[in-house]
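What follows is each chain in one-letter form.
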Amino acid sequence: MLREFICIMCPQGCSLQADEENGKVLKVSGNTCPRGKEYAIQEITAPMRNIATSVKVENGELPLASVRLTGPIPKSKIFSAMDEIRKICVKAPVKTGDIVIENLLGTGENVIITKDINKL
């Protein structure tokens, strides 16, 4: 089965074609760098995604603080991960890099603050 992807690993955005059979990648074409081949294989065998969102802030100069994961997690865990992140309310002040959830869903990735929020 031929599957098509647009590579997101670099700004070139190569159009990739991957020939796969029963979840095994037989051939990848269209990539101009090795990262494109790696991306296509990962998308077929174990797709991963990163999350950037926000959490509530109590007594902060802003009501929300932006957060992100320290690395990608399995695509199948995205909705469960968002359910956990939505439960979080941090108390101001918070600093960039503060960990708000450690080892999210056992993935080894942390949820960290990406914007300083001062206390009111």
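Analysis parameters
Chains are numbered independently. Their residues run from 1 in the order of the written sequence. For this predicted model, a pLDDT threshold of at least 70 governs which residues receive local features, and a threshold of 80 or more governs which side-chain atom pairs are given and counted, while totals over whole chains, interfaces and linings are taken from all residues. Side-chain measures were taken over the full set of non-hydrogen atoms in the model, leaving aside hydrogen atoms and water. Counting from the N terminus, the helices are DSSP H or I runs at least four residues long and the strands are E runs at least two residues long. Here the radius of gyration uses the C-alpha set of atoms, whereas the globule reference equals 2.2 Å times the residue count to the power 0.38. Two residues form a contact once any of their heavy atoms are found within 4.5 Å. We get accessible surface area from the Shrake-Rupley algorithm with a probe of 1.4 Å; when it comes to residues, only the shown protein chains can shield them. Charge assignment: positive for Lys and Arg, negative for Asp and Glu; neither His nor the chain ends contribute. Note on charges: their place is set at NZ of Lys, CZ of Arg, CG of Asp or CD of Glu. Pairs of strands are assigned from DSSP output, requiring at least two bridges between the strands. Between N-to-C directions, angles span 0 to 180 degrees; the directions come from axes that are lines fitted to C-alpha atoms, helices contributing only their stretch in contact. Remark: nonpolar core denotes a set of buried residues (Ala, Val, Leu, Ile, Met, Phe, Trp, Tyr, Cys) joined through side-chain atoms within 4.5 Å. The rule is simple: take the accessible area with a 1.4 Å probe, protein chains only, and divide by the maximum for that residue type; under 20% is buried, over 50% is exposed, in between is partly exposed.

1. Describing the overall build of the chain
What the chain contains, in helices and strands, is two helices and ten strands. Taking 2.2 N^0.38 as the reference for a compact globule, 120 residues should give roughly 14 Å; the C-alpha atoms of the chain span a radius of gyration of 18 Å, well beyond that estimate. By principal-axis analysis of the C-alpha atoms, the chain measures approximately 55 × 30 × 20 Å. Taking as baseline every contact in the chain between residues at least 6 positions apart, the subset at least 24 positions apart corresponds to 46%. When the accessible surface of the chain is totalled, it reaches about 7,500 Å², and 51% of it is carbon and sulfur. Where the 16 positive side-chain charges of the chain centre and where its 14 negative ones centre are 2 Å apart.

2. Section: the sheet that holds strand S2 (residues 15-21)
Taken in spatial order, the three strands of this open sheet run S1-S2-S3, and their pairing is antiparallel. Because the sheet does not close on itself, it has two edges, and the strands there are strand S1 (2-6) and strand S3 (24-29). Pairs of neighbouring strands in the sheet enclose a mean axial angle of 30°, with direction left out of account. Sheet analysis places S1 next to S2, joined by five bridges and oriented antiparallel. Directly across from isoleucine 6, in S2, lies its bridge partner serine 15.

3. Overview of the sheet that holds strand S5 (residues 52-58)
Taking strand neighbours across the sheet as the criterion, the five strands line up as S8-S5-S6-S10-S9 in an open arrangement whose pairing is mixed. Edge positions in the sheet fall to strand S8 (89-91) and strand S9 (99-101), since each of these pairs with one other strand and no more. Put simply, the sheet's adjacent strands are angled 45° from each other on average, direction ignored. Where S9 and strand S10 (residues 111-113) come together, two bridges link them in antiparallel fashion. Pairing of isoleucine 99 across the sheet is with isoleucine 112, part of S10. The strands touched by helix H2 (residues 78-86) within the sheet are S5, strand S6 (64-69), S9 and S10, with S5 carrying the most contacts at an inclination of about 20°.

4. Some thoughts on the nonpolar core
As a rule of thumb, nonpolar side chains are buried together in soluble globular proteins. Ranked by internal contacts, the top residues of the largest apolar core, which has 20 residues, are Ile51, Val55, Ala65, Ile85, Leu104 and Val111. Looking at this core, the elements with two or more residues in it are S5, S6, H2 and S10. At four residues, H2 tops the list of elements feeding residues into this core. With near-sequence residues (within four places) excluded, isoleucine 85 lies in contact with Ile51, Thr53, Ser54, Val55, Val67, Ile101, Leu104 and Val111. Core analysis: the second largest hydrophobic core is formed by ten residues, Phe5, Cys14, Val25 and Ala40 among them.

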